[in-house]
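The residues making up each chain are set out below.
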Amino acid sequence: MQVSVSTYGGIVTTLTALDSDGGFADVVLGFDNLDGYLAGHPYFGAIVGRYGNRIAKGTFVLDGEKYELAENNNGNHLHGGIVGFDKKLWRAHPVSTPEGPQLQLTATSADGEEGYPGRLDLDVTYTLTHRNALRIDYRATTDKPTHINLTNHSYFNLMGAGCRDILGHEISIAADRFTPVDKGMIPTGEARDVAETPMDFRTAVAIGARIEDDEEQLRMGGGYDHNWILNSADSALSPAARVHEPTSGRVMEVLTTEPGVQFYTANFLDGSLSGKKGKTYGRRSALCLETQHFPDSPNRPEFPTTILRPDEEFASTTVYRFSVAS
Ligand code: GLA
């Protein structure tokens, strides 16, 4: 396997994975050069923060103080604002470890950057392990109370980036419940049972099997674009999802310490971006599994907290593990 990462946005620009015939393919969407990324794109491969996912109306109150953030997504705040961590220039430090090669990325986020309180010192480490996994370890500290929710926004197509849609990929998600959303894609606060809904991925199902069902949540998202509440109750590294692509045999397992995962079927891609090797990326030509805390947690005290205080360290780990199965 090979993984390449850009200091711009900490973007995973290529990730090659083996198929059942011994062939390798690059399974993440992206561009051949920096210009493609600079021209604007929907977070391909990027580190997302300071707050991945949405914050309702771009505002929250923390310790009695009201904060205003950019409303960059239908009146709500998305993925850290106008210049989020996906556009940051990270310092990179390669290290060789017994587990495999590592790239340590560091950056700071100033107090007040994109409206958020507190200066963050950030450390995101990518490890390509000898067990065919990409592990991402996120660490951060702050000098004032703030909210933080970091993720990686890689778009996977296990047939190879730029091949057809991902509707034939089979996925299972280790979640009995998900957080339904309103028209603005903000959680209503409900934790809904997935049973007897098209959100039930407790056993593996082809992504395309129910994606066109006439169901309110699928209509709202234009497909899957929701947060699943992972069953693992503690913050140990636990299985979140497994994806199998039958024609190549490729399997990707996702493990995380986070309580949720946004499963997004690239409903907003429309073929207008010219990606690697001139390939275009059509609607649903990839899937994202964004491990995370739940959307809008700063306004939802009943959700697991995303508050980080100066005496604490933020720590989060996600693993994308690759293998083959028939
Ligand atoms: C996340 C969101 C989607 C979309 C993508 C980026 O997955 O939930 O609605 O904004 O990021 O295009």
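Residues numbered from 1 in each chain as written. Predicted model: local features only at pLDDT ≥ 70, side-chain atom pairs only at ≥ 80, totals over all residues. Heavy atoms only, no water.

Caption draft 1: Highlighting unusual backbone geometry. Note the cis peptide between Gly-49 and Arg-50, where omega equals 0°. With respect to the element layout, Arg-50 can be found in the loop between strand 4 (47-48) and strand 5 (54-55). Unlike most non-glycine residues, Tyr-43 shows phi in positive territory, near 65°. The buried category is assigned to Tyr-43, whose relative accessible area is 13%. A positive phi angle is found at Asn-53, which is not glycine, with a value near 80°. Residue position: Asn-53 is located in the loop between strand 4 and strand 5. (Helix = DSSP H or I, 4+ residues; strand = E, 2+ residues; numbered from the N terminus. Buried < 20%, exposed > 50% of the residue type's maximum accessible area, 1.4 Å probe, protein only.)

Caption draft 2: Structural detail: the packing of aromatic side chains. Considering all chains together, one arrives at 19 aromatic pairs under this definition. On the basis of an interplanar angle of 80° and a centroid distance of 6.3 Å, the ring pair of Phe-85 and Trp-90 is categorised as edge-to-face. Geometrically, the ring pair formed by Phe-156 and Phe-322 is tilted, given 6.3 Å between the ring centres and 50° between the ring planes. Taken together, the residues span a long stretch of sequence, with Phe-156 in the loop between strand 14 (151-152) and strand 15 (170-173) and Phe-322 in strand 25 (residues 314-324) at a distance of 166 residues. Note on Phe-322: relative accessible area 6%, which makes it buried. (Phe/Tyr/Trp six-rings, centres within 6.5 Å; stacked < 30°, edge-to-face > 60°.)

Caption draft 3: Highlighting the site of the ligand. Looking at the ligand, the residues that line it are Pro-42, Tyr-43, Arg-54, Leu-78, His-79, His-153, Tyr-155, Asp-225, Gln-262, Tyr-264, Phe-268 and Glu-290. Contact between the ligand and Arg-54: an oxygen atom at 2.6 Å from a side-chain N or O atom of the residue. For the ligand, an oxygen atom lies 3.2 Å from a polar atom in the side chain of Gln-262. Tallied by class, residues from the shell around the ligand come to six nonpolar, three polar and three charged. (Near = heavy atom within 4 Å. Polar contact = N/O pair within 3.5 Å; in protein donor to acceptor, adjacent residues only side chain to side chain. Nonpolar A, V, L, I, M, F, W, Y, C, P; charged D, E, K, R; others polar.)

Caption draft 4: Spatial organisation of the pairing of strand 6 (residues 59-62). Bridge count for strand 6 against strand 7 (residues 65-68) is four bridges, and the pairing is antiparallel. Following the sheet pairing, Thr-59 is matched in strand 7 by Glu-68. Taking the residues between adjacent antiparallel strands as the criterion, strand 6 and strand 7 are bridged by two residues, where Asp-63 takes a positive phi near 50°. (Pairing = 2+ DSSP bridges.)

Caption draft 5: Structural view of the sheet that holds strand 12 (residues 133-142). Taken together, the nine strands give an open sheet; going across it, the order is 9-10-11-12-25-21-20-15-18, and neighbouring strands pair in antiparallel fashion. Two strands lie at the open edges of the sheet, namely strand 9 (91-97) and strand 18 (205-206), each paired on one side alone. Relative to strand 25, strand 12 runs antiparallel, the two sharing eight bridges. Pairing of Leu-134 across the sheet is with Tyr-320, part of strand 25.

By themselves these figures say nothing about function.
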